Amino acid sequence: MPHFAKCGTQSLNINKMNQTERKAFNIQFWRFLWASILIGLSACLGNVVDAMIVGNLIDEDSVSAINLSLPLLQFMYTVNMLLATGAGMLVGMELGKQDTRRASYIFIISMLACLVTGLMLTACGVLAPDVVTRLLCDHEQLYQPTYEYLRVMLIGAPAYLLMWGVDTMVSVDGSPRLVSVSILVDNVVHLVLDVVFIKYMGCGIEGSGWAAVIGHVVGIAMMGIHFLSKENHLRFACGRQKPVFGAIISQGAPLAIASICLTVLMFSANKIILSSLGRTGIYAFALCMNLLLIYNLFLGGVCRTIQSLGSIQVGKGDNEAFKLVLRKSFNFITVAMVITCIYVWIWPESIVMLFGSDETDMITESCNALRIFAICLIPFCYIYTIMIVYKLYNYHHMALFISFALSLTVIPVLWLASMYFKGWIWYGFLIAYIIEMVAIFVLHKMTHVRFELRVES
C-alpha cells in the first residue's frame, strides 16, 4: 500500500526555514525559472521570427506551409517527451537521492533512443517525403512549399531530437543557464541563415528548414561543454545497472500521450479549418499557432521549473518545498498569461502586420481568430501544468486522463462548429477546454485525490 513519504535529513522543510534559507530557496527557484524562460524565449523568437521572415521574404502560402508541417514537429516533440522529458524527471529524482551512477545510466539510454529514432525519421525523409506531405497537405497550391519544408525536417530529425533531449538533461543537472545561452545561439544562427539562404541564395522555404537544422547542431555542440565541466554529474560510463527503459517510458507516457493527442489535434484542425475557411482560415490558424508559441514561453518555463527543481524535491521527499515550487509557478504563469491576453485582445493588428500579409480578408480573419485564441490558451496552459503536477504526485490515472482529454475533446467540438456554426469555429477550442476543466474537477473529487508525496512500499 502507498504511504506518505517523510522528509529526510537532507530535505528542506519550508515551515522551519529561517530568513537566509528561504532567500536561498527563492533564488534557486527564480534561477531555474528565468533560465527556463530564456530557453522558451529564444525558441519562441526563433519560430515566430522565422515565420515573419518567411512571410515577408516569400509569401503567405509559405507561412501556411510551416503551419501544415507542425504535426510532424509535434510528433518529434512527442518522441522527446517519451524518451527524454520523462527520463529527465527520473534523472532529477536520482540526483536528489545523490545516485549519480543511476542518473547517468538513464541519461545514456535516453540519448541513444533519441538518436536511433531520429535516424529512422531521416530514412523517411530520404525515401518517402512525398507520402508524408500528402498525408498532411491535400491542397494543391500549398503542396510544393509544404513538401520542401517537410523533407528537410525529416532529414534533420536527429538534430531536433538530440537538441531537445540534451537541453533537458543539462538543465536538470544544474546548468540551465548554459542551456538558455545555447538555445539563444541556436536561434540566432537559425535566423541569420534564414535571411542568407532565402534572400541571398534563393533557396526558398527549403532554406528555412536547413537553417533550423544547422542552428540545432550548433546548440547541441555548445551544450556539450557541460559534460566537460566539474559540475557535471552525468557520465558516459556508469557500469551495470538494472534495466530502466520501461521506467522512462512510463514516466514520460502521460506527457507523450498529451503530445500525441496534440499532434492529432493539429492534423485534424488543419484539415477542418482548411476545408471550412480555405487559405484565409489556414493562414489565420497559422498566426494562432504562433501565438501559442508565445504562451508556450511561459508554459514551457513553468513546466521545466516544476520538472527540474520540483522533481529534485520529490526525490528528497520534501512535500512542503515542492508545494512552494508549485505556488510560485502558478502565480507567475497567471500574471504572464493575463498580460499577454490583454495585449492581444486590444492590439491584434500589431501581431498580424509582422507576418507580411497585405490581403484584407486574411488580416480581418486573423485579428478575429487571435482575439479568441488569446482567451482559449489560458485554460489550455492551466490544464497542461496540472497534468505534470498529478504525474509528480504519482496520480497516474489523472495525468493519463488529462493526456487524452487535453486535445481530443477539441476535435469533435471543432468539427461540430465547422458543420453547423461556422462563424463560431474559433470558439470551439474555448468550449472544449471548459468541458475538460469541469471533467477534471469532477474526477478529482470522485477519486479523493490528496496532494501529498507518495512512495510505493
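Computed from a prediction, not measured in an experiment: that's the story for all the values here.

Here is what the cut-offs are and how they apply
Going along each chain's sequence as written, the residues are numbered from 1 onward. Note on the predicted model: pLDDT of at least 70 is required for a residue's local features to be given, and 80 or more for side-chain atom pairs to be given and counted; whole-chain, interface and lining totals, by contrast, use all residues. As a convention, hydrogens and water are excluded, and side-chain values are obtained from all of the structure's heavy atoms. Only DSSP runs of H or I covering at least 4 residues are called helices, and only runs of E covering at least 2 are called strands; the numbering of each starts at the N terminus. Only protein chains enter the accessibility calculation, which uses a 1.4 Å probe. A residue is then buried if its area is under 20% of the maximum for its type, exposed if over 50%, and partly exposed in between. Contact definition: two residues touch when any of their heavy atoms are within 4.5 Å. Here, Shrake-Rupley sampling with a 1.4 Å probe gives the accessible areas, and only protein chains in the shown set may cover a residue. The pairing test for Phe, Tyr and Trp rings, Trp by its six-membered ring, is centres within 6.5 Å, and the orientation test on the planes gives stacked under 30 degrees, edge-to-face over 60, and tilted for anything in between. Side-chain atoms within 4.5 Å are what join buried Ala, Val, Leu, Ile, Met, Phe, Trp, Tyr and Cys residues into a set we call a nonpolar core. Axes here mean lines fitted to C-alpha atoms, for a helix over just the part in contact, with angles spanning 0 to 180 degrees between N-to-C directions. Oblique is the label for any angle not covered by the other classes, which are roughly parallel (under 35 degrees), roughly antiparallel (over 145) and roughly perpendicular (65 to 115). Crossing handedness is defined as follows: a turn of the near helix away from the far one that is anticlockwise and smaller than a right angle gives a left-handed crossing, while the clockwise case is right-handed. Here, a salt bridge means any side-chain nitrogen of Lys or Arg that lies within 4 Å of a carboxyl oxygen of Asp or Glu. Every residue carries a pLDDT, the predictor's confidence in it, which falls somewhere between 0 and 100.

(A) Examining the overall build of the chain more closely. Check the secondary structure of the chain and you find 16 helices and two strands. A total of 457 residues make up the chain; the buried ones form 56% of that total. Within the chain, contacts between residues at least 6 apart in sequence are counted, and of these 83% link residues at least 24 apart. In the structure as shown, the chain presents an accessible area of about 19,400 Å², 67% of it carried by carbon and sulfur atoms.

(B) Focus on the packing of aromatic side chains. Using the criterion set out here, one finds 14 aromatic pairs in the structure. Both rings, one in Phe380 and one in Tyr384, keep their centres 6.3 Å apart while their planes meet at 35°; by these two values the pair is tilted. Of this pair, Phe380 and Tyr384 both sit in helix H13 (residues 360–392), separated by four residues, roughly a single helical turn. Residue Phe380 shares its accessibility class with Tyr384, and that shared class is buried.

(C) Region of the structure containing the nonpolar core. If you look at the biggest cluster of nonpolar residues, it comprises 137 residues, and the most contacted ones within it are Met76, Phe285, Tyr295, Phe373, Trp426 and Phe429. Tallying contributions element by element places helix H10 (residues 245–316) first for this core, with 27 residues. Phe285 has contacts with Asn67, Ala269, Asn270, Ile273, Phe373, Trp426 and Phe429, leaving out every residue within four places of it along the chain.

(D) Examining the packing of helix H7 (residues 157–172) against helix H8 (residues 176–200) more closely. Relative orientation of the contacting elements H7 and H8 amounts to 155°, with a least axis distance of 8 Å. With respect to each other, H7 and H8 are oriented roughly antiparallel. Helix-helix and strand crossings are classified by hand; for H7 and H8 the assignment is left-handed. Contacts from Met163, Asp167, Val170 and Ser171 of H7 reach H8 at Pro176, Leu178, Val179, Ile183 and Asp186.

(E) Layout of the side chain of Ser62. Secondary-structure assignment places Ser62 in helix H2 (residues 60–68). The contact partners of Ser62, leaving out residues within four places of it in the chain, are Val54 and Ile205.

(F) Molecular detail of the pattern of salt bridges. Tallied over the full model, the rule gives three salt bridges. The salt bridge involving Asp61 is made with Arg279; its shortest N-O contact spans 3.1 Å. Pair noted here: Asp61 is in helix H2 and Arg279 is in helix H10, with a separation of 218 residues, a long-range link. The exposure class of Asp61 is buried, given its relative accessible area of 10%.

(G) Looking closely at the confidence of the model for the chain. Here the chain averages 79 in pLDDT, and 85% of its residues register 70 or above. Confidence scores differ between elements of the chain, with strand S1 (residues 3–4) showing the lowest mean pLDDT of 32 and helix H9 (residues 204–223) the highest of 90. Contacts from residues 1–15, a stretch scored under 50 in pLDDT, to residues over four places away or in other chains number 33 contacts.

(H) Region of interest: the environment of Asn270. Relative to the helices and strands, Asn270 resides in helix H10. For Asn270, a relative accessible area of 3% corresponds to the buried category. Separated by 206 residues in the primary sequence, Asn270 and Ser64 have C-alpha atoms spaced 9.9 Å apart. The contacts of Asn270, once residues within four sequence positions are left out, are Asn67, Leu68, Pro71, Ile282 and Phe285.

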